[in-house]
Amino acid sequence: MYIRKNRRYYITLTVCSICMALALTMNFAPGVEGSSGSIGDILDDMKNGFEGTAFITTLLSGMLIWCNYHIDRLKKDKLHVEIICFFLAIIWLMAESFSLDDTLSALHSSRVQCLKSIIYVVGSTYLLVQLAYLLRFLLDVSAIKGRDLPQTEVRLVRQYRKHPFGFPLVVFLVALFPQLVFSYPARMTIDAYAQLAQYFGVGTYAVHHPPASTWLMGKVVSFGLLFGNGNRAVFLYIAIQYLLLAVISAYLVYTIRIFFHAPRWLQITTILVTVLAPYHAAYVGVMVKDIIYAYAILLMEIELLYMLHSDFNFWKSGRHCILFWIAASLSILLRNNGRYVVYPTMAVLFISLFSKQNRRRIQREERIRCALLFMAVIVVSTAVLQCLNVRYGEKNGEIKEALSIPFQQTARYLKEYGTEVSKEEKEILSRVLDSEIADLYNPRISDPVKGTYRQWATAEDLKAYFKLWVRLFFRHPMSYIRATVNQNYVLIWPKEEMHSYWTEAVYEGYEPSMQLAEYMGIHEADSSVFQSFAELQDLYVGTAVLLPVWGMLSNIACYTLLLIFLFVFSVRSRLYRTLLALLPLLVSVLIVIAAPVVSVRYSLPFMYPMPAVLAMYLYEVREKQE
């Protein structure tokens, strides 16, 4: 796109770049409360927000003006991302205030705070727009000019080219093995202990933990008990996770290189992230239901790539159909919300494959195979789930797991405007939730409020609650928005790093954990060598997420923003197959928003398959250009 180098352009470029620099460096905390609003107080407030940043802001502004000018020269067409970036910038602004005191008072508490809010939104919007254009340019250039690893005499490269599946498999097995050993016997979570307690009859079965996941975890551990104590039993479970990650990741690298001709940077980055990034490699040793579920989603995404490949006849390959069936069925069984990823994906695929555009290319036999495959996923997963529910006894309460958002919004409303709620309305609420949920409200996690759900609540009680929930929204809609954004802004705001990692095999302060550990013979590793290795692993995990550039590979918000931009690029360029590949990941993001808390383990289903959708995007861009 040709840039008119007039005065207005340079003024806009300079002002937006300075706002961008200020947004990145300003101290957003308000000044001292109770000021009189005089010029002196306003200057003191400004000093509080911008003190010590003049040199950094000046230097950064100059660099940003130069960078943004060259980014503008790269623009070939309009992406129309300004509105999306503006709303993202608003969420960033709200996140700045929520990170201070869980309110939005910092945005408008004084004139200077209002000025800072305006500067922040302008600078953040411009930053996101420029990043979108730069990312689009780099990906498109990589799609056209990106190359595979060169023909060379370097032995490792030759072996990789000769063994596209075997070589990365060996690399993953060797590189991930220390992570497995360092985690001995296993990094246990509270959920893992609860599931084991349910399986061995120590605890009560609940649908909060998927019965298939509980059964799988219990079977593996019970088999491991045949080899000795509980330490070996739980170590067997994480050893299976280690093998699954190595095999599926090698399969991913093989797929994107051989069938999608992914450029070398994507291949190398995929390998490095798998063996070094904390939320990939270190999670091998964590015993929690979400890990194998994330592997199942990754495998389903790989098979989805084969299904969408223009030159690969997926429906004539029995092996790939079976792998998709296994992956999709496990995704439904291992997490209660897995069905919300698999069913929409299969529905959209079914409609797209039977559209007028594809009907001529797909033969009748292949259409029948498609219908049978999708039916097999639904029938088998439903039948297995019903059998497990009959075996363990299904209990009421699953509905509350899907109501984190409205429950959290109700609790915040009562906290902020509880005096406006009438006695009759409180009576309606008390049939579904505890009357004291305002005191239990935690802005970042809905479990305290959700835990007060009345198990005996009837359908009529829920119906009356939802009618009241709608009425309260129209009274103070911003209260609901504050509740939702306050809980989920980490999904969008990259300035907050999440150190979500488990370091113990037994929780000394948690009585059920200690009882089950004693019952099964689980204990921390006695060897000082193992303890030293575990401390080094913990140090690496805590440090890696803070490192420049590399730390962003373990930042949830970066993956979410990348998904949003890829969606926009695909819509803009009409890359329909990439949109289909993005669907499971986008639905997984929505599931995290509806979850009780934004957690790394909930985000793995859209973090692990990211190289796959990038490969699909690059492949389709290259195909269009050719």
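Given the structure is predicted, the values throughout are model-derived calculations rather than measurements. (Residues numbered from 1 in each chain as written. Predicted model: local features only at pLDDT ≥ 70, side-chain atom pairs only at ≥ 80, totals over all residues. Heavy atoms only, no water.)

Teacher, can you tell me more about the nonpolar core here?
Generally speaking, nonpolar side chains in soluble globular proteins are found buried as a group. With 167 residues, the main nonpolar core has Y283, M287, L566 and F606 as its most contacted residues. By residue number, the principal contributor to this core is helix α13 (residues 289-308), which donates 15 residues. Residues in contact with F606, not counting those within four places in the same chain, are L491, I556, Y559, T560, L563, L585, S588, V589 and V592. (Core = buried A, V, L, I, M, F, W, Y, C linked by side-chain atoms within 4.5 Å. Buried < 20%, exposed > 50% of the residue type's maximum accessible area, 1.4 Å probe, protein only. Helix = DSSP H or I, 4+ residues; strand = E, 2+ residues; numbered from the N terminus. Contact = heavy atoms within 4.5 Å.)

How should the packing of helix α4 (residues 82-101) against helix α26 (residues 556-573) be read in this particular structure?
How two helices sit against one another is set out by the angle between their axes and by the gap between those axes. Close contact between α4 and α26 brings their axes to 12 Å; oriented N to C, the two are set at 165°. By the angle between their axes, α4 is roughly antiparallel relative to α26. Pair α4 / α26 crosses with right-handed handedness. Residue-level inspection shows I84, C85, L88 and W92 of α4 in contact with α26, the latter providing L561, I564, F565 and V568. (Axes fitted to C-alpha atoms, helices over the stretch in contact; angles between N-to-C directions. Parallel < 35°, antiparallel > 145°, perpendicular 65-115°, else oblique. Left-handed = near helix turned anticlockwise from the far one by under 90°.)

Explain the packing of α26 against helix α27 (residues 576-594) here, please?
For the pair α26 and α27, the least separation of the axes is 10 Å and the interaxial angle reads 145°. For the pair α26 and α27, the crossing hand works out as left-handed. Taking contact as the criterion, the partners of T560, L563, L566, F567, S570 and V571 in α26 are, on α27, T578, L579, L582, L585, L586 and V589.

Hey, could you run me through the pattern of salt bridges in this one?
Two side chains carrying opposite charge are able to pair once their charged atoms lie near each other. Under the defined criterion, the tally for this structure stands at 20 salt bridges. In this structure, the salt-bridge partner of D290 is R601, at a minimum N-O distance of 2.4 Å. Remark: R601 occurs in helix α28 (residues 600-607) and D290 occurs in helix α13; sequence separation between them is 311 residues. The residues D290 and R601 share a single accessibility class, namely buried. Across the pair R475 and E425 runs a salt bridge, and its minimum N-O distance is 2.3 Å. Here E425 lies in helix α19 (residues 423-430) and R475 lies in helix α22 (residues 459-475), a separation of 50 residues in the sequence. Assessed through its relative accessible area of 34%, R475 is described here as partly exposed. Using a relative accessible area of 8% as the deciding quantity, one classes E425 as buried. Salt bridges sharing partners connect three or more residues here, namely D191, K289, D290, R335 and R601. (Salt bridge = Lys/Arg side-chain N within 4 Å of Asp/Glu carboxyl O.)

Before we go on, may I ask you to explain the packing of aromatic side chains in this structure?
Centre distance and the angle of the planes are the two values used to describe a pair of aromatic rings. In this structure the tally under the stated criterion is 36 aromatic pairs. Between the aromatic rings of Y306 and F312, the centroid separation amounts to 5.1 Å while the plane-to-plane angle is 55°, which identifies the pairing as tilted. The same class applies to Y306 as to F312, namely buried. Joined through ring pairs, the aromatic side chains of F407, Y413, Y417, Y453, Y465, F466, W469, F473, F474 and Y480 make up one cluster. Over the face of the ring belonging to Y160 we find R257, whose NZ or CZ atom lies 5.1 Å from the ring centre. (Phe/Tyr/Trp six-rings, centres within 6.5 Å; stacked < 30°, edge-to-face > 60°. Lys NZ or Arg CZ within 6 Å of the ring centre and 35° of its normal.)

Sorry if this is basic, but what is going on with empty space enclosed by the protein here?
Any space left empty among the atoms is revealed by the rolling of a water-sized probe across them. One pass over the structure, following the stated rule, counts 3 cavities of 30 Å³ or more. Around the largest cavity sit V490, W493, P494, E496, E497, M498, S554, N555, I556 and A557, which together line it. (1 Å grid on protein atoms, 1.4 Å probe; cavity = no way out; pocket = protein on both sides within 12 Å on 5 of 7 lines; lining within 4 Å. Points joined across faces, edges and corners; volume = space filled by probe spheres on them.)

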